[in-house]
Amino acid sequence: MSHLKTIFITGVSSGFGRALAQVALASGYRVIGTVRNASAKTTFEALHAENAFACELDITDFSAIDAVIADVESRIGPIDVLVNNAGYGHEGVMEESSLDELRRQFDVNVFGAVAMIKAVLPFMRQRRRGHIINITSMGGFITLPGISYYCGSKFALEGISETLSQELAPFNIAVTAVAPGSFRTDWAGRSMVRSARSITDYDALFDPIRQAREEKSGKQLGDPVKAAQVILALMENPSPPAHLLLGSDALHLVRQKLTALNQQIDAWEDVSRSTDG
Ligand code: NAP
C-alpha cells in the first residue's frame, strides 16, 4: 500500500502512541515507533507487513537519539511528522518526592522530547517542511495537588513547544502542543510512578486524590482512538494550531483556569503597574 506520510512516534507500546500508530497504519501511513524491548518491537512490527517499523530506544538515552533518527532518514525515508508522545506521570506530594524523581520526570517528559526534536530538525529544516506534535497535557495548563513534577514538566513542554512554533514558522515547520484531558491509557495504571507517603500532615489533602485517581484508571472519559483520529487529521491540516486541547474535561478545566488567572491579574493590576518607571 502506498504511504501518505512517514511519521515517527515515540512510545508506541500502549496508549495514545499505539492508537495513533494503528490509525495511521490503517490509513496507509508509514510509521516508525519507539519501544523499549524486543518483544514490543516484534508486536509493533506485526501491525503491518510493510509500513510498521520499530526502534528500540529509551528517549533518555540521549547519546543514541541522533543515530536512530539518521538511520531512519537514510534507511526508511524522510520523517514528515515527529510525534513526541512518550512520557509518564509522577504522582507524589512535592515535599515527599525526591529530586531524583523530579530529574527523571523532566528527563523523559522534557529533555527526551527536546532531544528528539533536535535530532529531526536538521533534516526538516533542510527540506523546509515538517510537523512536530508534542503530546503535553491539560496538566500543562492546570494544576492539582500531588502532581507538581508532572505539571512542571508539561508546563515546560508547552512553553518550549510554543516558542519553537515561532522559531520554525519561517521554515514551514509547524509545531503543535496537543494537551489531552483524562484518557483511557496505561498512564494512571502501570506507567505511573508513585512516591511513597511519609508525612501524615498531607493525608487529608492527598489521600483522596490518590485514591480517586486509582479508582478512575481505565474508566476515564477520553477515548485514545478518537484522539488518534484527531491527531492524524491535524497532520493533514495546512495550518495546524500551536495548541490543541483534547477532551471536554480539558476544555472545561483550562477555561476555568484562564478565567481565574485573568480575574487575579485584574485584581492585582494596580500593583503590577506600580513598578513601572
Ligand atoms: P501509556 O499508555 O503509559 O503510554 C506511554 C508510552 O510512553 C509507552 O509506550 C511507554 O513505553 C513510553 N515511554 C515512557 N517512558 C519512556 C522512555 N523513557 N523512553 C521511551 N518510551 C517511554 O500512557 P499514555 O497516556 O498513552 O501516554 C502518552 C503521553 O500522553 C504521555 O506523554 C502522557 O503524559 C500524555 N498524557 C496522557 C494523558 C492520559 O490521560 N492518558 C493525559 C494527558 C497527557 P513502555 O511501554 O516501554 O513503558
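Residues numbered from 1 in each chain as written. Predicted model: local features only at pLDDT ≥ 70, side-chain atom pairs only at ≥ 80, totals over all residues. Heavy atoms only, no water.

Caption draft 1: Local environment of the sheet that holds strand 7 (residues 173–180). Read across the sheet, 7 strands follow the order 3-2-1-4-6-7-9 without closing on themselves; strand pairing throughout is parallel. This sheet does not close on itself; its edge strands, each paired only once, are strand 3 (52–56) and strand 9 (243–246). Recorded for the sheet is a direction-independent mean angle of 20° between the axes of neighbouring strands. As paired strands, strand 1 (residues 6–9) and strand 2 (residues 30–35) are joined by 4 bridges and run parallel to one another. Looking at strand 2, one finds that Ile 9 is bridged to Gly 33. (Pairing = 2+ DSSP bridges. Helix = DSSP H or I, 4+ residues; strand = E, 2+ residues; numbered from the N terminus. Axes fitted to C-alpha atoms, helices over the stretch in contact; angles between N-to-C directions.)

Caption draft 2: The arrangement of the pattern of salt bridges in detail. Across all of its chains, the model carries 17 salt bridges by this definition. Arg 75 is the salt-bridge partner of Asp 71, the closest N and O atoms lying 3.0 Å from each other. Placement of the pair is Asp 71 and Arg 75 together in helix 3 (residues 62–75), with a separation of 4 residues, close to one helical turn. Close ionic contact of Asp 207 with Arg 197 constitutes a salt bridge, the shortest N to O distance being 2.6 Å. Here Asp 207 is found in helix 6 (residues 203–216), whereas its partner Arg 197 is found in the loop between strand 8 (193–194) and helix 6, with 10 residues between them in sequence. Given the relative accessible area of 34%, Asp 207 is considered partly exposed. Taken together, the salt bridges that share partners define one network made up of Glu 91, Arg 194, Arg 210, Arg 213 and Glu 214. (Salt bridge = Lys/Arg side-chain N within 4 Å of Asp/Glu carboxyl O. Buried < 20%, exposed > 50% of the residue type's maximum accessible area, 1.4 Å probe, protein only.)

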